[in-house]
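What follows is each chain in one-letter form.
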Amino acid sequence: MKRRLWSGLVGVVVALAVGALIMLAQGYKPLSTYVALFQFSLGGIGPFTTTLKNSVPLVLTGLSAAVAFASGPVNLGQPGQFVFGALAATLGGLYIRLPAVLEIPLLLLLAIAGGALWSSIAAFLRRAFEMSEFIVTLMLNMIADFFTAWVIAFPLMDRKAFSPMTPQIAKSGWMPDLGLLSSSTLVMLGAVVLVWFVFHRWRAGYEWRMTGQNSVFARLGGCDIHRNFLAVMLVTGALAGLAGGLVVMAGPHRFIKGLGANYAWDGIMIAIMANNSIVGTLVYGVFIAAIQTGALGMELITNVPSEIAQVLQAVLVLIIVATREYTNVLLDRLSARRQAKERAA
Amino acid sequence: QTPKINTNRVVYLINGALGDNAFYDSGEAGIKNIGRTYKVETRTIECNFDAGKFQPALDAAVQYADIIFVISYGFEDQLKAIADKYPNKIFVNIDTVVENPKKTITSVFFLAEQSSYLAGMTAALLTTTTSLKGVNKDKIIGVIGGDTDPIVSAFVFGFQNGARAVDPGVKVLTKSLGGAWDDSAKGKQAALQLYDQKADVIYQVAAAAGIGVLQAAAERGLYAIGVDTNQNDLEPGHVVASAVKNVGATIEKVFKTIKDGTYKPGQVINSGLADGGVDLDFTAKQQVLPKSIIDKVMQARQQIIDGKLTVKLYNGENVWQ
Amino acid sequence: MNDLIALHNIVKVYPPNVLAVDDVSVSFCKGEIHSIVGENGAGKSTLMKLLYGLVPFDSGRIEFGGVNVRFRKPGDAIAMGIGMVHQEIVLIPQYSVWENVVLGAEPVRTLGRIDSRTAIDAVRSKIEEFQFNLDPLAIVDDISVAARQKVEILKLLFRNVSVLILDEPTAVLTPQEIPQLFAELKRLRDRGHTILFISHRLDEVLELSDRITIMRKGRKVATVEASETNKESLATMMVGRQVIFTSKRTPHQRGELVFEAQHVDWERGDGLKLLDDVSFSVHAGEIVGIAGVEGNGQFELVNSIMGLEQPTRGSFLVKGKDITSLSILERRKLISFVPQDRGKMGASLSASILDNAIMTHHRLEKRFSRWHGLVLDYRKARDFVDMLKERFSVQMASRQSDFRSLSGGNQQKVILARELLLATPFFLMDQPTRGLDVGSIEYVHGEILAMREADRAVLLISADLEELFLVADRILVMHRGCIVADLMTEKTTIEEVGAYMLGGRASA
Amino acid sequence: MNVLIGLITGMISGATPILLAALGGTFTFYAGVFNIAMEGMMLMAAFFAVLGSFFFHSWVIGLAFGVLGSLTLALIFILFSVKLETDEFVTGIALNLFALGITTYFLRQIFKVKGVFTSKSIVPVPQLHIPFIEKIPFVGPVLSGRNLIVYIAVIATVFCYYLIFKTRFGLRLRAAGYNADSLDSSGVRTSRIRMQALLLCALFCGLGGAFLSLGYVTLFAENMTAGRGWISLAAIILVDGHPYGIAAISLLFGFFDGLGLFLQNYGVASQFTAMIPYIATLFALYVYAQRRREKKRKRV
Ligand SMILES: Nc1ncnc2c1ncn2[C@@H]1O[C@H](COP(=O)(O)OP(=O)(O)OP(=O)(O)O)[C@@H](O)[C@H]1O
Ligand SMILES: Nc1ncnc2c1ncn2[C@@H]1O[C@H](COP(=O)(O)OP(=O)(O)OP(=O)(O)O)[C@@H](O)[C@H]1O
Ligand SMILES: [Mg+2]
Ligand SMILES: [Mg+2]
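Rules behind the numbers
- Residues numbered from 1 in each chain as written.
- Chains lettered and ligands numbered in written order.
- Predicted model: local features only at pLDDT ≥ 70, side-chain atom pairs only at ≥ 80, totals over all residues.
- Heavy atoms only, no water.
- Helix = DSSP H or I, 4+ residues; strand = E, 2+ residues; numbered from the N terminus.
- Rg over C-alpha atoms; globule rule 2.2 N^0.38 Å.
- Buried < 20%, exposed > 50% of the residue type's maximum accessible area, 1.4 Å probe, protein only.
- Areas by Shrake-Rupley, 256 points an atom, 1.4 Å probe, with all protein chains shown as cover.
- Lys, Arg positive; Asp, Glu negative; His and termini not counted.
- Charge placed at Lys NZ, Arg CZ, Asp CG, Glu CD.
- Contact = heavy atoms within 4.5 Å.
- Buried area = accessible area lost by both parts, 1.4 Å probe.
- Salt bridge = Lys/Arg side-chain N within 4 Å of Asp/Glu carboxyl O.
- Nonpolar A, V, L, I, M, F, W, Y, C, P; charged D, E, K, R; others polar.
- Donors = N, O, S within 2.8 Å, 3.2 Å for Na, K, Ca; no water.
- UniProt positions renumbered as here; feature names shortened; annotations may be inferred.
- Near = heavy atom within 4 Å.
- Axes fitted to C-alpha atoms, helices over the stretch in contact; angles between N-to-C directions.
- Parallel < 35°, antiparallel > 145°, perpendicular 65-115°, else oblique.
- pLDDT = per-residue confidence, 0-100.
- Expected span 1.5 Å × (residues − 1).
- Polar contact = N/O pair within 3.5 Å; in protein donor to acceptor, adjacent residues only side chain to side chain.
- Core = buried A, V, L, I, M, F, W, Y, C linked by side-chain atoms within 4.5 Å.
- Patch = residues over 30% accessible without salt bridge, like charges linked within 9 Å, V, L, I, M, F, W, Y side chains within 5 Å.

Asks: Sorry if this is basic, but what is going on with the overall build of chain D here?
Replies: Each helix and strand in chain D was counted, giving twelve helices and two strands. The linear arrangement of helices and strands in chain D, starting from the amino end, is α-α-α-α-β-α-α-α-α-α-β-α-α-α. In terms of C-alpha radius of gyration, chain D reaches 20 Å, essentially the compact-globule figure of 19 Å for 300 residues. Each principal axis of the C-alpha atoms in chain D carries an extent, and together these give about 55 × 50 × 40 Å. A buried classification covers 63% of the 300 residues belonging to chain D. Entry remark: accessible area of chain D is about 10600 Å², with carbon and sulfur atoms responsible for 71%. Across chain D, the centroid of the 23 positively charged side chains sits 6 Å from that of the 11 negatively charged ones.

Asks: How should I be thinking about the interface of chain D and chain C in this particular structure?
Replies: Contacts between the two partners involve 24 residues from chain D, matched on the other side by 29 residues from chain C. Here chain D packs against chain C, burying approximately 2200 Å² in sum over the two surfaces, 55% of which is carbon and sulfur. The tally of links between chain D and chain C comes to two salt bridges. Here R168 of chain D makes a salt bridge to E106 of chain C, at a shortest N to O gap of 3.5 Å. For the side of chain D that touches chain C, the secondary-structure elements that each account for two or more residues are α6 (148-166), α7 (168-178), α8 (180-185) and α12 (270-298) of chain D. The dominant element in the side of chain D that touches chain C, judged by the number of residues it contributes, is α7 of chain D, at seven residues. When its residues are assigned to classes, the side of chain D that touches chain C shows seven nonpolar, seven polar and ten charged.

Asks: What should I look at first to understand the coordination of the magnesium ion (ligand 3) in this one?
Replies: When a metal carries six donors in an octahedron, the ideal angles between them are 90 or 180 degrees, while four donors in a tetrahedron ideally lie at 109.5 degrees. Residues and elements named next belong to chain C. The protein atoms donating to the magnesium ion (ligand 3) are Q87 (OE1) and Q87 (NE2), with metal-donor distances spanning 2.5 to 2.6 Å. Between the magnesium ion (ligand 3) and the magnesium ion (ligand 4), both coordinated by Q87, there is a metal-metal distance of 3.0 Å. The topology assignment puts Q87 in the loop between β6 (82-85) and α3 (97-102).

Asks: Honestly, the UniProt feature "transmembrane region" (unreviewed entry) in chain D in this entry has me stumped. Any pointers?
Replies: Residues and elements named next belong to chain D. UniProt tags residues 7-30, 36-56, 63-83, 89-107, 148-165, 197-221 and 268-289 as "transmembrane region" (unreviewed entry). Secondary structure within residues 148-165 divides into 100% helix and 0% strand; the distance between the first and last C-alpha atoms comes to 26 Å. Secondary structure across residues 197-221 comprises 80% helix and 8% strand; the distance between its end C-alpha atoms is 28 Å.

Asks: Where do I start with the site of ligand 1 in this structure?
Replies: All names here are of chain C. Inspection of the region around ligand 1 gives 14 residues, with N40, G41, K44, S45 and T46 positioned closest. Here ligand 1 loses 71% of its free accessible area of 620 Å² to cover by the protein chains. For the shell around ligand 1, the secondary-structure elements that each account for two or more residues are β2 (18-29) and α1 (44-51). Counting residues per element, the shell around ligand 1 draws most heavily on α1, at three residues. Its residues assigned to classes, the shell around ligand 1 shows four nonpolar, seven polar and three charged.

Asks: I tried to follow the packing of α7 of chain D against helix α9 (residues 190-216) of chain D on my own but got confused; where do I start?
Replies: Residues and elements named next belong to chain D. At their nearest, the axes of α7 and α9 sit 9 Å apart, and the two run at 105° to each other. Relative to α9, the element α7 lies roughly perpendicular. Contact residues: F169, R172, L173 and A176 in α7; T190, I193, R194, Q196, A197 and L200 in α9. Each residue belonging to the contact of α7 with α9 can be placed in one class, and the counts come to six nonpolar, two polar and two charged.

Asks: Could you clarify how one ought to interpret the confidence of the model for chain D in this entry?
Replies: Residue and element names in this part refer to chain D. Averaged over all residues, the pLDDT of chain D is 92; the fraction at 70 or higher stands at 99%. Per-element confidence in chain D ranges from a low mean pLDDT of 82 for helix α5 (residues 139-143) to a high of 96 for helix α2 (residues 38-56). This prediction of the complex comes with two scores: 0.89 for pTM and 0.86 for ipTM.

Asks: Sorry, what's going on with helix α12 (residues 278-302) of chain A here?
Replies: Three or four residues apart is the spacing at which side chains of an α-helix point the same way, because the helix has 3.6 residues per turn. Residues and elements named next belong to chain A. Taking 1.5 Å per residue, 25 residues should reach 36 Å; α12 reaches 35 Å between its end C-alpha atoms and fits that length. Across the 25 residues of α12, 19 count as buried, placing the element largely inside the fold. Between the side-chain oxygen of the N-cap and the backbone nitrogen of G280 there are 2.8 Å, and the N-cap of α12 in question is S277. N303 sits one or two residues past α12 and shows a positive phi near 60°.

Asks: So what exactly am I meant to see when it comes to the nonpolar core here?
Replies: Soluble globular proteins tend to bury their nonpolar side chains together. L60 of chain A, L13 of chain B, L185 of chain C together with F27, L173 and M224 of chain D are the most contacted members of the largest nonpolar core, which has 311 residues in total. Residue contributions to this core peak at 15 residues, all from α9 of chain D. With near-sequence residues (within four places) excluded, L60 of chain A lies in contact with M188, A191, L239, L242, A243 and L246 of chain A. Within the second largest apolar cluster, 74 residues are counted, among which are F23, V172, V240 and I293 of chain B.

Asks: Quick question: what am I supposed to make of the pattern of salt bridges here?
Replies: When the charged atoms of two side chains lie near each other, side chains of opposite charge can form a pair. In the structure shown here, the tally under the stated rule is 61 salt bridges over all chains. One salt bridge in this structure joins R254 of chain A and D77 of chain B, with 2.9 Å as the shortest N-O distance. Here R254 of chain A is found in the loop between α10 (225-250) and α11 (263-273), whereas its partner D77 of chain B is found in helix α3 (residues 76-85) on a different chain. For the pair shown, R254 of chain A and D77 of chain B are each scored as buried. Within the structure, one salt-bridge network assembled from shared partners comprises D265, K273, D276, D277 and R313 of chain C.

Asks: I'm lost on the interface of chain D and chain A in this one. Help?
Replies: Accessible area lost when the parts come together is the quantity often used to give the size of an interface. The partner chain A presents 42 residues to the 42 residues of chain D that form the contact. Our enumeration of links across chain D and chain A arrives at two salt bridges. In this structure, the salt-bridge partner of R293 of chain D is E130 of chain A, at a minimum N-O distance of 3.2 Å. Here chain D and chain A share five residue pairs in polar contact (both at pLDDT 80 or more) between them. At the level of elements, α3 (59-83), α4 (88-111), α10 (228-238) and α12 of chain D are the ones that each hand at least two residues to the side of chain D that touches chain A. A class-by-class count of the residues in the side of chain D that touches chain A yields 29 nonpolar, seven polar and six charged.

Asks: Explain a nonpolar patch on the surface to me, please; I cannot follow it from the model alone.
Replies: All names here are of chain A. On the surface, L91, Y95, I96, L98, V101 and L102 cluster together into a nonpolar patch covering about 560 Å² of accessible area. Among the secondary structure elements, those contributing two or more residues to the nonpolar patch are α4 (78-95) and α5 (100-129). Among the structural elements, V101 can be located in helix α5.

See below:
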């Protein structure tokens, strides 16, 4: 545990150093750039809460991926489940008007249902026809993308708008801001806690983990691996859907073109960065969100173009993971050496 | 009436990303010019249609400067909110009309229908001039849009009207790339299909993907009409005209008014043929169109400028077949 | 004697801190069969692996023919004429026998095209030379474990190496195949080859080897002349205490009928009958053994009892209840099960020891779950593991450490304990002692007999006849998917059973 | 008629980049490397192909540069996933991101444009006109006059089949994926095989990328690969890496991609026509899964 923290930090440091070299090579000032990056992501309550808000879709889709991968299913369908969750919440917000105390939970539930619905398709195709969920979810992502694009361009198009988008959802469905903090952040934290509890304390979670590690053993042990597969697909779909719903309800309050951005893919990346650990997903999710939020500062203060920010993010991710893993290996080797020495002596 | 504002810093905040060779870039050029001519610090923020980024970008922008040129569509709500929050800062919204309760946002609206109307006329005249090399006898022309959103639809709408004005018998085929703005291969394939369906000339409204359309024209020895910037020399002899949108010039004009204090918040500047915000540009190293055609179009252009001829503006019709 | 290979003060520590080989010096001569014995985890495999260049060692040096060598990869070792058969079979299941054999030494024609004809012929001739009955074109996935072991051996004979390392090659061979192999090994020895041999079966070791090196906990205990030692003293040196080899089996009254197989058939997709009208019964307080050459239907029998496969005909009854159509979970309420493959069916190597220990209990034992089975009670689970650790004296770093970090013997203890502690009338064991050292085997046998005392019905599948004769009351013999003999242990002999295993009914 | 020919030629040019990338991917697929960097490799190749062709006015050098571009990405991949044993998925995702960023950046630095760069001095890869076949009605215009790289792709398909299933390298390559331990203890370094696989992958992705920017169209646009790398990955997994199967899937995809655009003539909304190729892929997967199921029932 402590070891993981340390090697993680080493990773971050090395990564920042390499990033600095790259910027130097391109004639930008690393220090002031990093300062700007920090100011706009973590430098103060305002930036920090913004970072947290931006981390919501990353962390939730990350959770979805982490739970899926740790339990067996190769669910890469987060992007599709995300937009369907968003769409469901939007529909609810457009046609159902209730007081906030009812509206908000209802829309969240709709988002969850939307995501789960979309992932259930992949689960069904796997169960009924043994179609690899890996490809199915990949394809469903594209299909979901185009489908929602159609929905906001024609049936639900806001006539007054200049680009494809739905009208705004009911005000009562907006995630309220608690001072600077967006309440969507709280929903995210709640989800993290709940998922951790399910995964590490519930009997279902136990069976999911065991199935993910060795399905034959789990099956012989009396776990119903087919039901577990379905459950995991639904739960992970629901998480991605929730992410989509929150983005709508806390952000533009309507389904607009490009809503999905690249959240889900970043989420998948984050999950793997965190070795599918749930707490790790939260940590790395916030970290990546900080970089993306801070990138704005880089563009504004030090005039570093956005594509450099993009390169920087790629480099950071790669180096962090590599260094982290490699420090562990090295540390182990070292302790082995030491022991060997004293045996030989 | 506006208290002293700092004119030494300008932010250009766009909802999408630079590199469309179109109004984002044209606007960027204008901003850079301002920077050079007036010695002001300029910053450009791209949001890549990322809802998570636009809000913080706006916040950052108002912290940084008092003058914000913004292309906001998709994010009108956030813009209105922040404009009301900072009534003394100058927000110039480009390409769409946004009206905030305090009426402080000035909108620059481009009448793409006008330039597209002329493009439509050109295309119609071209397809009916079978003397031109490669032009078949069927009166068919095409238009390819990057997506089906209202901005693009406005182009298509104007194009269709222009063509029909020349000859109601001209058939206008449309294709949309369904959002694949950067997939040039797809753009080319769409164009080839239209040519296979006997179109003689294609109007491209598809940014990067549209370059594929122009190259298809060259490959088939047929014709295309460029968009946003003068693309006539990209495929000499095949790109017969370009419907340009001069966002940069407009931005500079507006900034000038800010400088000399004649700027008025909350107005809607309709930028069209008259003030050069949009235009149809025939200038090319190698112009294959007969003078007769160009003259006809130029006549119509003048009539529009003089207000003798009014071009219908797009409002929500489905122009895709 | 002239040393061909000499290891000097070798130390190997697996990162981070598993001291696998601890300052070992030993030498192997040209033209000898040198056995290495020791408990599970004693370091035998590791010692061989680092000689083969598969794992790097931390200190010490290796002399080969008088010169210092350091193999960085097996390629180097192979180049020097060293070959190794691994304990855990490492073949490519998707490949045919001949492809596996030639891999790494493929004969090629122009454009790097594999000269399959030449290769197949070469392999075939080798097969004939050593009288393995193998089809070079067969896909490894389809052949029995024993056959795979032969492919491994063939693989290094094909490279006609001068030093052969064989790590527990006999674990999966049948009594009839072993003499063949030994004869071959001796022939090679006489031709001047050096053979390093690892086995837990001390009789084999004594019969085969010239010299024997004993290891314990990574250290070398001694190297002795085979002629000057015996089973007992070897075992004592290995385990560090006396080991009793004679059965402690006392007469025991068998109780009511517990398990019954009725006319069970199992047909493969291509119509081949792997189980053919199998019927037998097991009573409470009775240990029934199933002997048979690997791949004669034992695997299918186990799978269909456990519910991984559905028999095409017939049914299984436990305590008169037909389980044939029950879910696996329902079956587990009646059946405890120790599979032959620890890593694949018996445990999850990457999961923690605790997670492995509570499998099945987590559903059957009410005390492990709260909130109507929604939440698992991990405090109870921890107590459970501690108790298990105590009662079965399992050597483990901590409850949370990977199951993989246990040595094979201890892995088996945990699995055995887990299944024992399930309150079931019927106990199914498939090769429960494969690859275990004498100490662990003695222990497992003890437990099996204890179950008999506790009036549980035990079905024990084993390729090791010694074992069956040690613990089983009755021995059934399987051949080509049929039960060809049902013999009382007291009234039969190893030879008779062996005959049934090979010839089926005809030969008896 | 010529609409039909158009659809078919469109199918071919649509399939080519996917096919090439997928062929590259089969090597890593068999070598047991989970490689999702095809997208990035193609993008790098697309950019550097344009760069080379622009500055040296030669499509040959363009191709060379393109391949070099994707090779550099492969080398980074090797450094991290093979040498430092970083998770392959992370490496892949990160490298895709990296490729997108770096090409965009160079585009701005070198050509002073953003988004798309095109110029008359970029020399495209020529089309190949086959003397006699050309004359045959219908078949002629389809078989002849395709871009040179298309014909390379056809040959490459056969070549890959041969290399993977008939040669020593192929045997070792597949062994690396099936059971690395076995290969290692047979005296062959798995890591080396994996490197070679990655380099081969880069080579083919390089050709695929070059086809996009120097073959079908003559320009570079940001992110012009537009997800083709992912499609190729799907194709590989769908047919378990069999080169001929991959060719079939690529053609299928290319065809429905074109058909989608075509169906707009009948008033189908573009968003739906754009879905068609993906739905077709799902259907192919369905058929394939059923066939595999049958096989499974036959054996064991
Ligand atoms: N790859 C590895 N990583 C860490 N520890 C290992 C590894 N391989 C073996 N060990 C440990 O090294 C010790 C020696 O293992 P080894 O396999 O050599 O024992 P062995 O004598 O072969 O046992 P057996 O008779 O069961 O084969 C054991 O404690 C084992 O747990
Ligand atoms: N990745 C690993 N991490 C930790 N220990 C490992 C690892 N891989 C192998 N081991 C060790 O290697 C041993 C397996 O080595 P080996 O194959 O000799 O089995 P064993 O422990 O001797 O038992 P058996 O003889 O039944 O196989 C395990 O006991 C385990 O301690
Ligand atoms: Mg072992
Ligand atoms: Mg061993």
